[in-house]
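Take a look at the letters that make up each chain.
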Amino acid sequence: MTDTTEQPAATFVHPSADVEDGARVGDGTKVWHLAHIRSSARVGAGCVIGRNVYVDAGVTVGDLVKIQNNVSVYQGVTIEDEVFVGPCAVFTNDLRPRAQNPDWTITPTLVRRGASIGANATLVCGVEIGEYAMVAAGSVVTRDVAPYQLVAGNPARPKGWVDEKGEVVSRDVTSPRRPD
């Protein structure tokens, strides 16, 4: 007789990774070489946390997220489910950075479900990346990105619209009408 009960996938943490006490890592997540997940961070189920990724205290990473090598996700950043973050992407959390600032406050950033952030993109804090939006590699995002919008450049500007698979469906600046 075959056991049909579904068992949660095992979580893998590479021996060189540091997952601090108090951090939560979901079932089936893989945390690779030299990654560091701080206490009070939450990483969902089925994620891939690449080599040398830093997830700061208080950060929330949803389920089925892939964060490629050399990404730092600082306090104030929230990443929803099924987001892709390319290698060396940069998140910030301080609009006016100074080495010494007693009045420093975190400016939050939100990346919505299914969005993709290209390699070496920089997200200036305070932006929201909409559902299934696509940020091209090397872009510097200084403004919100609408759901399904494709942006590129420095600063990032609208270049079209994508579907849930990431295929370009329009190069118009205005959103194409969605079928009902």
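These figures come from a predicted structure and were not determined experimentally.

With reference to specific residues and values, describe the sheet that holds strand β4 (residues 30-31).
If you trace the ten strands from one edge of the open sheet to the other, you get β1-β4-β7-β10-β13-β16-β19-β21-β22-β23, paired in mixed fashion. In this open sheet, the two strands that pair with only one neighbour each are β1 (12-13) and β23 (168-170).

Explain the pairing of strand β21 (residues 149-152) to me, and be specific about the residues and the numbers.
In summary, the side chains of a regular strand alternate between the two faces of the sheet. Taken together, the two bridges between strand β19 (residues 134-135) and β21 define a ladder with parallel strand orientation. What sits directly across from M134, in β21, is L150. Once β21 ends, the chain turns through four residues before running back antiparallel as strand β22 (residues 157-162), passing G153 with a positive phi of about 105 degrees.

Please set out unusual backbone geometry residue by residue, giving values where relevant.
Only a minority of non-glycine residues have a phi that is not negative, and only a minority of peptide bonds are not trans. Of note, the amide linkage connecting N154 to P155 takes the cis form, showing an omega dihedral of -5 degrees. Structurally, P155 is set in the loop between β21 and β22. Phi at S40 is positive, roughly 70 degrees, even though this residue is not glycine. Counting through the fold element by element, S40 comes out in the loop between β5 (36-37) and β6 (42-43). Its identity as a non-glycine residue notwithstanding, Y148 has a phi of 65 degrees, on the positive side. Relative to the helices and strands, Y148 is located in the loop between β20 (140-141) and β21. Judged by relative accessible area, Y148 falls into the buried class, the value being 14%.

Quick notes on the rules
Residues numbered from 1 in each chain as written. Predicted model: local features only at pLDDT ≥ 70, side-chain atom pairs only at ≥ 80, totals over all residues. Heavy atoms only, no water. Pairing = 2+ DSSP bridges. Helix = DSSP H or I, 4+ residues; strand = E, 2+ residues; numbered from the N terminus. Buried < 20%, exposed > 50% of the residue type's maximum accessible area, 1.4 Å probe, protein only.

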